[in-house]
Amino acid sequence: MAPKTSSAAVARIAYLSSSAVVSVLPASSAPSSFAATYSALQSSTSTAARPLVESSHARADPAENLARHAATAAADEAEQPIVSLTAPADPIFLTRLIPHAAALRSAPAVLHVAVEQGGDLADVLALRSSGLAVLFSATLAEAHDHALIASKLAKKTRSGVLHVFEEAEGELAELTENELREYLVAERAIPKANGNGVNGAAAEDVPELAKAFDRVALATVLVARRPQRPFTYAGPTSPDNLLITFGSASAALLAHAPSTANTGVLAVHLYRPFVPSRLLDLVPASVKKVAVLEQVSKKITRFAPLFLDVVSAFAAAEGREAPVFVSGVLGAVDEASAPKAVQAVLANLAAAEPQHGQVVGELSSAAKASLDVHVPKHEGAYTKLLEEIFGDRLAVVNSPSLVPTEGPEATTPEFAFGSTLAAFERREAAVAAVSELVSAQGATSNELHDALAKWLIGRDDAKTGGKLGAVLLELLEKEKPAHSAAARILENRDTLAPQSRWIIGSDAWSYDVGFSGLHHVVSSGKNVNVLVIDSLPYSQREAQDPAKRKKDVGLYAMNHGDVYVASVAVYASYTQVLHALIEADKFQGPSVVIAYLPYTSEASPALEILKETKTAVDSGYWPLYRWDPSQKKDEDVFKLDSERIKADLREFLDRQNHLSNLVRAQPELAPALVGSEGHGLKAAQKRKAKEAFDALLGALDGPPLLVLFASDGGNAEKVAKRVAARAKTRGLAARLLAMDDFPFEDLKLEKHVAFITSTAGQGEPPQNARETFKTIAAELAKPEAGALLADVNYTVFGMGDSHYWPRPEDAHYYNKPSKDLDARLEHLGASRMADLGLGDDQDPDGAETGYKAWEPKLWKALGVDNVEITEKEPEPITNEHIKIASNYLRGTIADGLKDTSTGALAESDGQLTKFHGIYQQDDRDIREERKAQGLEPAYSFMVRIRMPGGVCDGKQWLAIDRIADEHGNSTFKITTRQTFQFHGVVKKHLKPTIQDINKVALDTIAACGDVNRNVLCSANPQLSQVHAEVYDFAKRLSEHLLPKTSAYREIWLDGKQVAGEAVKDFEPLYGKYYLPRLRLRNHSKFKMAVAVPPHNDVDIFTNDVGFIAIVDEKTGKLDGFNVSIGGGMGVTHSNKKTYPRLADVIGFIKPDEALNVAEKIMTVQRDYGNRANRKNARLKYTIDNLTLPVFVDHVEKRLGYKLAPAKPFKFDSSIDQYGWKQGHDGKWHFTTFIENGRVQDEPGMPYKTGLREVARIHKGKFRLTANQHLIVADVAPEDLDAIKAVLEKYKLDNLAHSGLRLSSSACVAFPTCGLAMAESERYLPLLVGKVEKIMEDAGLRNDQIVMRMTGCPNGCARPWVAEIAFVGRAPGTYMMMLGGGFHGERLSKPYRESVTEPEIIEILTPMIKAYALERLEGEHFGDFVIRKGWISATDKGANFYINAYPSPAPIAAA
């Protein structure tokens, strides 16, 4: 005997007995429980059977594949093969089986369906009338034996069998392959049933299929040595009570039955064919009460199927008194719980009025959900929207709340439509009665007559109809008119208020739409709104006919002509969903809104749903549109709300001429509708290959060398370019391509190939090599793989970081792509011409150490190691070259904006646009999908506004809101630099975006780039006169340090270009090179901030230059500033030459000296900053390289005087002060919490809409904080109530968050930031939620701990000064730091080099508990972990890595 699972036993029998097996994959991403068995059998050399095993997704209609194979098997009369299907009990899959049931009934097919323990059998039993034999197995032995019976029964009768089994584990003796084959074909001498039939039933009462079961069951007894019966009875011979069971609990209840004195148990194994006489023969005549317990929780009718079968059997029996029947729901019951379960059933049977629906045993979570009838968690996003929009008018006609009064069928769309029609009839009766009463002379008073007339006129008005109805009813009840029409009105009183009626449908209305309930709604012409929710994730779709997809419900409805149709996705465009729902409600007629909500289970995270939605919308799989046939203008009928549409939708629009109208109205949409921006990958490959070939023709006569690279960050690409360049100087004909740009099928034609690759993510290949790696893996599986690259000589150089994966179990991820590639090329027959080279970031010279050892081996292998190189190697193009050649930041940006063949700008222009406040990005969520479709990345741009001090007015806020909707992704971000930035701005919208920003007296110049960035200032200048002064200084500082080039005005604002050579731009502060930066992907950021103690809300010490306001204690006015220099956050992972640094205070200056001091500090950096090493170009490194005294001396020499000694100051907080505060001038200011600065509308949190409403009435200012929150400032006392009302209405006054959440901050990271290595903004709120639970358990809910997260080490959210911080290293993996100062006065220190979420929770749980119990009075968490010795304090940036990553020590609370 060997340990087995039911799925493994069943899969083995299906494999060995069938000519073809269809293995159905789960709808979720979970692995199939059958797959491992099939894989093992296929690879086994001892197994003779070799059936076709075909995998098919549960959503791809695998029954169609089974029917096709079954038809082939049925036609083979010689071999008489059978076919099998193995599948999980997926409801959609089982529903799709129904149309194929007729064909499978008369075909040799076995359907093995696995049900989870205690799972709902309702969907399986929907096939009970299909004509298939139906067997149920509750144990491992039953699953094995019934699988044998099902296979032999299908083979002998040439008919279909459905075998349903529950997962179980145990030991099992199985037939050998030969024994199983003999069993299937043997025609053994099986005793015929006696004259009274099996189990005493008359032979003529037994269907032929049941007789065949008897014969096969007896044959199975001979090989399995276990009894095989359609029913099994256990218990006393004359019991009063009987439990008839159908489900997993049958085995435990049968085992317990002999110990009961007055109760028997009868278990059903063969459910179809159901032979009533056999059942009755087993029921003792003494039975007075019967409980029918079946594993069915989702019921369409009041009673479940077996209960109806049993009652019908007794009703048809002549001369037998029917007992009392009770129905129950059966769950999982084991032998230990069986006595308790039986007692509960008997107690119910003994009651005066036994209750139907008693639950016996433990139901699975899915079965519980079916029994409870609830709205799935994620679908609440749409139901909340309906509630918010329509309020009291909303009527969800098939709401689960109706189940207690109407029964389970009330939730079905068909029932809902019927009840809706009945409601319409009642309303029409009310209208008729009101009309009749109005017309009756003298029947009412004048007041009531007016109320009746007004209701008739305004009864359908959403705003007034309900109020008019209430007035009418009040007067009717008061006057009580004698007219009969008055009574009819009161009978239908609930119909007087206008309702927005919605039926929420799901999969039932997604297939065969012409004959479903949807057809009746569409053709009814009634004002009914239908919301159909599609939950199939894009990544799990299967290649099948688009007409079977749920969204084609929209096309079906649009073809009807008089139906409002919208296709929406709440995770793609919240605003579009609002528009669609409101328009559907207003439309007088049927409305169908198809809503996309891709999730696999209730546990699916919102982030996963967001990514699936974005991919589906961007690819055109799920287009966003609205179709309103009531519009008078043709061009207004169809509104496209996304960039792309599918072919079938395009064909419909072409037929209706609406696509042409749409393109005429919006010409810029033409490319998106007709095709897609970007180049197909195949075309790009051909073009690049041709370019490489042309270059080859002009090369020298040396041997050819193909250099293929894989690079995400650009480092491996640079090494590859160096190899190619050096190869050419040695006389080699070198070509250079990204791996995925070279057709793999041509690789076998190459003689010498050098592969250079970096390492991405969890030891994965970079993006531009993943197709190559997949192709290589596929080739390795082919029999002829060993000779594929027999003529190819190769070498591989890999780049990685040996410290990136500090845990021993993760060490194999180091340089994994290069190691895998090297080994796999050898397996494909290629010859290694030089050993694998590995570059390690931890070596003294980084990857250069390994490269210097590898490169000579390459030249030696190619025979050019002795070639003397006299020609100087060309200098690599750096950012410094780009800047000086750009003509003061012009480049070719203007020409690039006109190029419609791509959504991107040239790489050099992409560097220059940063000076204009623009970053080129692409949507990394869908990068792989677009590549698979042959499209370039989904390029878009981030646009950042320059807004010193973060201040704007209501008019500017409204403009920002509108720009986000018209040009961006309908959201905007409050950044840690106190400004706004937009994401998702496509190239054709760039110029309009910049122009719209400038129209409201804002701009984007110098918001990014190697110049002074947006100047920070303590957030609320109205809290004191000093704040007003420093804000004014921040504005003047920003203007003083702006670049002077006119390129911005020329490119974006259509300004006149400087003509000829007569007048040239001049940069007196920055010069032609601007600030130092060598490489393309790193910035020499220069950041300044102004703080007003005691609040360090701008994290003053993280800035290159800081001005700390010093207030004269006597006058209360600004005395001057302490100046700090040398702060900076950017770091490179594992490169200890880079580190964060806090600024040093160098002296005191008077206010009128500040602009000149800032200028001189910046010019010293300009002249002494490191232009030779991009990683050390920031001011912090210049100071440490020169030393602080030397740098200050340079500044003072340029000033012409010495700085005064610094004056005392104190900071006590770095977080925002939430809630209402009153300023010195009597005005009020409210700081609201905007999580991670993302201003958007979400279900239940319509913050963007709310702030828009505030901006419309607010007469003061909006002030952004450096912690990404917002102050509604300068509210006059007389306007206070109005502002408070709007804030309350849109939940913007909700500050009931935990102290941890209020103190958290995150950068954007995925999906748009090109530097991100891990999630940040989208993940931190989820992590905070989990850490909040630890805090609450420790009694620290309101305690503030500064927690920050970034997706990369550049530090935009300033994690290096947080008390707890996480910096992305790879997807789901972060560097963890502890010990930062609560006031922003101390750097944190690395605690763990690489952690995942479970490790984070494991680390923080004991720390937080200990903090709750052992902290000193007023001690902050960062100070506490240092005092406890869990981490060392970082006294200065250069010591950041000293004592980092301490060894784990036990942490326990005292």
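The structure this text deals with has already been given above.
This one's a predicted model, so the numbers in the text were calculated from it and none came from an experiment. (Residues numbered from 1 in each chain as written. Predicted model: local features only at pLDDT ≥ 70, side-chain atom pairs only at ≥ 80, totals over all residues. Heavy atoms only, no water.)

(A) Spatial organisation of the overall build of the protein. Along its length, the protein carries 50 helices and 50 strands. Looking at the protein residue by residue over its 1454 residues, the buried ones come to 57%. The long-range fraction of contacts in the protein, counting pairs at least 24 apart against all pairs at least 6 apart in sequence, stands at 75%. Only carbon and sulfur atoms are counted for the fraction: they give 52% of the accessible area of the protein, which is about 58400 Å². (Helix = DSSP H or I, 4+ residues; strand = E, 2+ residues; numbered from the N terminus. Buried < 20%, exposed > 50% of the residue type's maximum accessible area, 1.4 Å probe, protein only. Contact = heavy atoms within 4.5 Å. Areas by Shrake-Rupley, 256 points an atom, 1.4 Å probe, with all protein chains shown as cover.)

(B) Structural view of the side chain of S250. Mapped onto the elements, S250 comes out in helix α10 (residues 250-256). Since its relative accessible area comes to 4%, S250 is described here as buried. If we skip the residues at most four places from it in the chain, S250 touches T245 and A267.

(C) Representation of the pattern of salt bridges in the model. Under the defined criterion, the tally for this structure stands at 68 salt bridges. Linking E771 and K774 is a salt bridge whose minimum nitrogen-to-oxygen distance equals 3.7 Å. Here E771 and its partner K774 are both found in helix α31 (residues 770-780), three residues apart, which amounts to about one turn of the helix. Notably, a salt bridge pairs R946 with E1039, separated by 3.1 Å at the nearest N-O pair. In this pair, R946 is assigned in the loop between β30 (939-944) and β31 (951-953) and E1039 in helix α40 (residues 1025-1040), connecting sequence segments 93 residues apart. Note on R946: relative accessible area 7%, which makes it buried. Using a relative accessible area of 43% as the deciding quantity, one classes E1039 as partly exposed. (Salt bridge = Lys/Arg side-chain N within 4 Å of Asp/Glu carboxyl O.)

(D) Layout of helix α39 (residues 987-999). Taken together, the buried positions of α39 are occupied by K987, L990, T993, I994, D996 and I997. One face of α39 carries all of its buried residues, which in axial projection span an arc of 165°. Next to the buried residues of α39 lie α35 (893-898), β29 (918-922), β30, α38 (954-967), β33 (980-985) and α41 (1047-1052). Immediately downstream of α39, the backbone of A1001 shows phi near 65°, a positive value. (Arc of directions from axis to C-beta.)

(E) Local environment of the packing of aromatic side chains. In this structure the tally under the stated criterion is 35 aromatic pairs. With a centroid separation of 6.3 Å and an interplanar angle of 35°, the aromatic rings of Y15 and Y38 are classed as tilted. Separated by 23 residues along the polypeptide, Y15 in helix α1 (residues 6-17) and Y38 in helix α2 (residues 35-43) bring together distant segments of the chain. Overall, Y15 belongs to the buried group, its relative accessible area being 0%. Residue classification places Y38 among the buried residues on the basis of a relative accessible area of 3%. Members of the aromatic cluster, each reached through a chain of ring pairs, are F136, F231, F246, Y271 and F274. Stacked on the ring of Y851, the Lys or Arg R722 has its end atom at 4.7 Å from the ring centre. (Phe/Tyr/Trp six-rings, centres within 6.5 Å; stacked < 30°, edge-to-face > 60°. Lys NZ or Arg CZ within 6 Å of the ring centre and 35° of its normal.)

(F) Just the packing of α1 against helix α8 (residues 177-185), in detail. Viewed as axis vectors pointing N to C, α1 and α8 meet at an angle of 65°, and their least axial separation amounts to 10 Å. Put simply, α1 runs roughly perpendicular to α8. Between α1 and α8 lies a crossing of right-handed hand. On the side of α1, the interface is formed by R12, I13, L16 and S17, while α8 contributes E177, L180, R181 and L184. Considering only residue class, the contact of α1 with α8 consists of four nonpolar, one polar and three charged. (Axes fitted to C-alpha atoms, helices over the stretch in contact; angles between N-to-C directions. Parallel < 35°, antiparallel > 145°, perpendicular 65-115°, else oblique. Left-handed = near helix turned anticlockwise from the far one by under 90°. Nonpolar A, V, L, I, M, F, W, Y, C, P; charged D, E, K, R; others polar.)

(G) Up close: helix α30 (residues 715-729). For α30, spanning 15 residues, the distance from its first C-alpha to its last is 22 Å, which sits close to the expected 21 Å at 1.5 Å a residue. Within α30, burial applies to A716, V719, A720, V723, A724, R726 and A727. Burial along α30 is one-sided: seen end-on, the buried residues are contained in an arc of 170°. Positive backbone phi, at 90°, marks G731, one or two positions downstream of α30. (Expected span 1.5 Å × (residues − 1).)

(H) Local environment of the sheet that holds strand β39 (residues 1219-1222). One open sheet holds the five strands; their spatial order is β31-β44-β45-β40-β39, and the pairing between them is antiparallel. Sheet topology places β31 and β39 at the edges, where each strand pairs with a single neighbour. Between one strand and the next, the sheet's axes are offset by a mean angle of 25°, whatever the strand orientation. Here strand β44 (residues 1261-1264) pairs with strand β45 (residues 1270-1275) via four bridges, running antiparallel. Its bridge partner lying in β45, K1261 is registered against A1273. (Pairing = 2+ DSSP bridges.)

(I) Region of interest: the packing of helix α7 (residues 140-157) against α8. Between α7 and α8, whose axes approach to 9 Å, the crossing angle comes to 45°. Of the possible angle classes, the one that applies to α7 and α8 is oblique. Every pair of crossing elements has a handedness; the one defined by α7 and α8 is right-handed. In contact with L148, I149, S151, K152, K155 and K156 of α7, α8 contributes L180, Y183, L184 and V185. Across the contact of α7 with α8, the residue classes tally to six nonpolar, one polar and three charged.

(J) Structural detail: the nonpolar core. Of all hydrophobic cores here, the largest spans 56 residues; its most connected members are L104, L162 and L306. Residues in contact with L306, not counting those within four places in the same chain, are I244, F246, V268, Y271, F274, V292 and E294. If you look at the next biggest cluster of nonpolar residues, it comprises 51 residues, including Y1048, L1251, L1287 and Y1290. (Core = buried A, V, L, I, M, F, W, Y, C linked by side-chain atoms within 4.5 Å.)

(K) The arrangement of the state of the cysteines in detail. Applying the stated criterion across every chain yields a total of zero disulfides. C1307 takes part in no disulfide bond, and the closest cysteine sulfur, belonging to C1356, lies 5.9 Å away. Residue classification places C1307 among the buried residues on the basis of a relative accessible area of 13%. (Disulfide = S-S within 2.5 Å.)

(L) Structural view of the sheet that holds strand β50 (residues 1389-1395). Read across the open sheet, the five strands follow the order β46-β47-β48-β49-β50; overall the sheet is mixed. Each of the sheet's edge strands pairs with one partner strand only, and the pair in question is β46 (1304-1306) and β50. Direction aside, neighbouring strands of the sheet carry axes that sit 15° apart on average. Examined bridge by bridge, strand β49 (residues 1373-1378) and β50 share four bridges and lie antiparallel to one another. Along β50, the bridge assignment pairs L1378 with K1389. Along the sheet face, helix α48 (residues 1324-1337) touches β46, β47 (1347-1350) and β48 (1364-1370) and points at about 150° away from the line of β47. Most of the contacts of helix α49 (residues 1397-1414) go to β50, to which it runs at about 140°, and overall it touches β47, β48, β49 and β50.

(M) Region of interest: the pairing of strand β36 (residues 1105-1111). The element β36 is largely enclosed, with a buried count of six among its seven residues. Pairing geometry for strand β35 (residues 1088-1091) and β36, over four bridges, is parallel. Bridge assignment links V1090 to a residue of β36, and that residue is F1107. Counting the residues that bridge the hairpin from β36 to strand β37 (residues 1118-1125) gives six residues, and of these G1116 lies at a positive phi of roughly 75°.

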